[in-house]
Amino acid sequence: MTNAPETQQLGGLSGVRSLWEYMGSRPLPQSENSIMLRVLVQILVSVGIVATDIAASTSMSLWAVPLGMGGAVWSWRQRNRRNISTKLWLAFGMLVALAAFLVRLLGELNDTRLVLAQLLVQLQVLHSFDLPRRKDLGYSMMIGLVLLGVAGTLSQTITFGLLLLLFLAIALPILILDYRSRLGITLETPIWQLGKTELAPQRLGVVFLLVLTLGLTVFVLLPRLPGYQLRSFPVSSTINFEGQFDSQHIANPGYVREGTSQGGGG
């Protein structure tokens, strides 16, 4: 007769085996084969990480950018495989990153922007090791955009504006390649012949100037609403008092002590 602990152990092993068989039986997702799209997406994310680093005076990009590039190369090589063991290790790593985030969050409750940005960078690095589909690349693009937004709230110099222009210049060809991939159109033109396609530098330059002009126009026309401002309380000027001040004997006409019906308690 089998005892209870052995039964539970066998049940756990069978559950893991069933999960592994289920994941192995699912059809392979349609992988994204555009090398240019993958490279540009990774550069876009790297710009977001560097912008957050510069704005917050941190050094996350020293390890996040190289690891992200290595993960992108791994994803390209493994894009037509199931990578079940890799997905399990990545899930475990994300749980560890979440636990570390909760620990840091307890010490920085006043301003959680940088803590959230660090969590997002860690998740993006882990996510870069599993990018088989176009949808996964879209997640990376959104993470880069969020990191750029975080950098915008932290930045106090003009350097952010330069990184914003670089981000826009990289995002335009990414949007074109992403739309072509959705339509099932593959770009097989060599890099030195891109002048004959939608990715011609002249066309991208015109679109870049149009988007930049429209964005600056909207920025100028937006109303400037009063934001959060620190203001001092309305107090009177300093009163010169001769002699020794005793705070125990202050007469306040508006204060009524117990047992009296008139103000002016002394």
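All values derive from a computational prediction rather than experimental measurement.

1. With respect to the overall build of the protein
Across its full length, the protein holds eight helices and zero strands. With 266 residues in all, the protein has 30% of them scored as buried. Restricting the contact set of the protein to residue pairs at least 6 apart, pairs at least 24 apart contribute 67%. For the protein, the accessible surface area stands at approximately 18,900 Å², while carbon and sulfur atoms represent 64% of it.

2. Examining the nonpolar core
Residues Leu44, Ile49, Val121 and Ile174 are the most contacted members of the largest nonpolar core, which totals 32 residues. Where this core is concerned, the elements lending two or more residues are helix H2 (35-56), helix H3 (61-77), helix H5 (113-127), helix H6 (134-154) and helix H7 (159-182). For this core, the element with the most residues is H2, which contributes nine residues.

3. Focus: the packing of H6 against H7
At a minimum axis separation of 12 Å, H6 and H7 run at an interaxial angle of 165 degrees. Our classification of the angle between H6 and H7 gives roughly antiparallel. Crossing angle aside, the handedness with which H6 passes H7 is left-handed. Contacts between H6 and H7 pair Arg134, Met141, Gly144, Leu145, Leu148, Ala151 and Gly152 from the former with Phe160, Leu164, Phe167, Ile174, Asp178, Ser181 and Arg182 from the latter. Across the contact of H6 with H7, the residue classes break down as eight nonpolar, three polar and three charged.

4. Concerning the pattern of salt bridges
Applying the stated rule across the entire model yields three salt bridges. For Asp130, the salt bridge goes to Lys87, with nearest N and O atoms at 2.8 Å. In this pair, Asp130 is assigned in the loop between H5 and H6 and Lys87 in helix H4 (residues 84-107), connecting sequence segments 43 residues apart. Residue classification places Asp130 among the buried positions, given a relative accessible area of 17%. With relative accessibility at 31%, the residue Lys87 sits in the partly exposed group. The salt bridge partner of Arg182 is Asp178, with a shortest N-O separation of 2.8 Å. Remark: Asp178 and Arg182 occur in helix H7; sequence separation between them is four residues, near one turn of the helix. Asp178 gets classed as buried once you look at its relative accessible area, which sits at 9%.

5. Notes on the packing of aromatic side chains
Per the stated rule, a full pass over the model turns up one aromatic pair. Consider the rings of Trp89 and Phe92, whose centres lie 6.3 Å apart with planes at 85 degrees: the pair is edge-to-face. Of this pair, Trp89 and Phe92 both sit in helix H4, three residues apart, which is roughly one turn of that helix. On the basis of relative accessibility, which here comes to 64%, the residue Trp89 falls in the exposed class. Above the ring of Trp76, the side-chain terminus of Arg79 is found at 3.5 Å from the ring centroid.

6. Notes on the confidence of the model for the protein
Chain-level statistics for the protein give a pLDDT mean of 80 and a share of 73% at 70 or above. Of all secondary-structure elements in the protein, the lowest mean pLDDT belongs to helix H1 (residues 4-25), at 56, while H3 reaches the highest, 92. Here residues 4-10 is a poorly scored stretch, pLDDT under 50, and it has one contact once near neighbours within four places are set aside; other chains count.

Analysis parameters
Numbering of residues begins from 1 in every chain and follows the order in which that chain's sequence is written. The predicted origin of the model limits local features to residues at a pLDDT of at least 70 and limits the giving and counting of side-chain atom pairs to 80 or more, whereas totals for whole chains, interfaces and linings rest on all residues. Computation of side-chain values covers all heavy atoms of the structure but excludes hydrogens and water. Helix and strand definitions follow DSSP, with helices as H or I runs of at least four residues and strands as E runs of at least two, each counted in order from the N terminus. We call a residue buried when its accessible area falls under 20% of the maximum for its residue type, exposed when it is over 50%, and partly exposed in between, using a 1.4 Å probe and counting protein chains only. Contacts were defined at the residue level, with two residues in contact if any of their heavy atoms lie within 4.5 Å. Accessibility throughout is a Shrake-Rupley quantity obtained with a 1.4 Å probe, and a residue counts as covered only by protein chains that appear here. Here, nonpolar core refers to any group of buried Ala, Val, Leu, Ile, Met, Phe, Trp, Tyr and Cys residues whose side-chain atoms link them within 4.5 Å. The angle between two axes is taken between their N-to-C directions and runs from 0 to 180 degrees, where each axis is a line fitted to C-alpha atoms and a helix contributes only its stretch in contact. Each angle receives one of four descriptions, namely roughly parallel if under 35 degrees, roughly antiparallel if over 145, roughly perpendicular if within 65 to 115, and oblique otherwise. Each crossing is labelled by how the near helix is turned from the far one, with a counterclockwise turn of less than a right angle marking it left-handed and a clockwise turn marking it right-handed. When residues are sorted by character, Ala, Val, Leu, Ile, Met, Phe, Trp, Tyr, Cys and Pro go into the nonpolar class, Asp, Glu, Lys and Arg into the charged class, and all the rest, Gly among them, into the polar class. Any carboxyl oxygen of Asp or Glu within 4 Å of a side-chain nitrogen of Lys or Arg constitutes a salt bridge here. In this analysis, rings of Phe, Tyr and Trp, with Trp reduced to its six-membered ring, are considered paired at centre separations within 6.5 Å, and the interplanar angle assigns stacked below 30 degrees, edge-to-face beyond 60, and tilted for intermediate values. A ring is considered to have a charge above it if a Lys NZ or an Arg CZ atom is located within 6 Å of its centre and within 35 degrees of its normal. Residue-level confidence of the predictor is what pLDDT reports, using numbers from 0 through 100.

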